[in-house]
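Chain by chain, the residues run as shown.
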Amino acid sequence: MHRYRTVWISDTHLGLKEARTDFLYDFLSSINCETLYLVGDIIDGWKMQSGGFRWPDINNDIVKLILEKARNGTKVVYVPGNHDEMFRDYADAEVNNIQLLERATHTTADGRKLLVMHGDEFDYVVMHNKWIAKMGSGLYDFTLMLNRWFNLLRRKLGLRYWSLSAYLKGCVKEAVKYIGNFEQAVVREAREHGYDGIVCGHIHHATIADYEGIEYINCGDWVESCTAIAEHDDGELELIRWVDMLHEVTLEERLCA
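Residues numbered from 1 in each chain as written. Predicted model: local features only at pLDDT ≥ 70, side-chain atom pairs only at ≥ 80, totals over all residues. Heavy atoms only, no water.

Caption draft 1: Main features of helix α3 (residues 57-71). The end-to-end C-alpha separation of α3 is 21 Å, in line with the 21 Å expected for 15 residues at 1.5 Å each. Within α3, the full set of buried residues consists of N59, I62, L65, I66, K69 and A70. Projection of α3 onto a plane perpendicular to its axis shows the buried side chains occupying an angular sector of 140°, all on one side. Away from its buried face, by an angle of more than 90 degrees, α3 presents the exposed residues D57, K64 and R71. Summarising the contacts, the buried residues of α3 are in contact with α1 (21-29), β2 (31-38), β3 (75-78) and β5 (98-100). (Helix = DSSP H or I, 4+ residues; strand = E, 2+ residues; numbered from the N terminus. Expected span 1.5 Å × (residues − 1). Buried < 20%, exposed > 50% of the residue type's maximum accessible area, 1.4 Å probe, protein only. Arc of directions from axis to C-beta. Contact = heavy atoms within 4.5 Å.)

Caption draft 2: Region of the structure containing the packing of aromatic side chains. Tallied over the entire structure, the rule returns six aromatic pairs. Between the aromatic rings of W8 and Y37, the centroid separation amounts to 5.5 Å while the plane-to-plane angle is 5°, which identifies the pairing as stacked. You can see W8 sitting in strand β1 (residues 2-9) and its partner Y37 sitting in strand β2, a full 29 residues away along the chain. An angle of 70° between the planes, with centres 5.2 Å apart, marks the rings of F27 and W242 as edge-to-face. You can see F27 sitting in helix α1 and its partner W242 sitting in helix α8 (residues 242-256), a full 215 residues away along the chain. A relative accessible area of 0% means that F27 is categorised as buried. (Phe/Tyr/Trp six-rings, centres within 6.5 Å; stacked < 30°, edge-to-face > 60°.)

Caption draft 3: Local environment of the pattern of salt bridges. This model, assessed by the stated rule, comprises eight salt bridges. The salt bridge involving E231 is made with R5; its shortest N-O contact spans 2.9 Å. One end of the pair, E231, is in strand β11 (residues 227-231); the other, R5, is in strand β1, with 226 residues separating them in the sequence. Assigned by exposure class, E231 and R5 land together as buried. Of the charged contacts, one joins R88 and D120 as a salt bridge, the two residues approaching to 2.6 Å between their closest N and O atoms. One end of the pair, R88, is in the loop between β3 and β4 (94-95); the other, D120, is in the loop between β7 (113-116) and α4 (124-128), with 32 residues separating them in the sequence. It is possible to trace a salt-bridge network through shared partners that takes in R3, E34 and D233. (Salt bridge = Lys/Arg side-chain N within 4 Å of Asp/Glu carboxyl O.)

Right, dumping it as structure tokens:
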């Protein structure tokens, strides 16, 4: 069991066929933390509206696990995103020991003040041209389908999970430019409001970076990269790539067998 002071996850997209719910359930079952932030797009409401919604039993298990953590003393904060924006109507409410907030403030163990938000507020396409965003979402779904078949083949060859869709996104010049512009926009927001850093999601690109003294922290997602951000007891932040950690554990077990 891994113990952390704080854990942030985002973009799990429960309801999306390609969501890596197996890895997500394994991760949540393997951690204890004082505070768990759900940084938006936890449930994919867009898929619910479009008719492509899928809800296997493991999704119920994930929800039950989160509720169990909240019931047993973990502070759970839900900051909705654009795919689960229906929950923004309940901002500042508490449901089943889960606090819903449009934005949250987190203070690390060493005193840094972090703004926690999903980040879609700074995505011009999502905010002003939702039909374009949904068209882009359809293209993204196609790359995820390719990713699924690609990894089925890798599994048959005895190879571990590797995100083809994330790799393709990193190769597209406009996607890289968009990521950079998004990062600068949310960092500017944190700086203008007196924060030391910002934790967000939305763009499915996990990283911890420094922008002239402001920390930019993105949780990533559980569709492509299977990543989370964790805070240790001394305030140090760590980017967790769960697939890599699983591989290390499996390798260690083999060596000890």
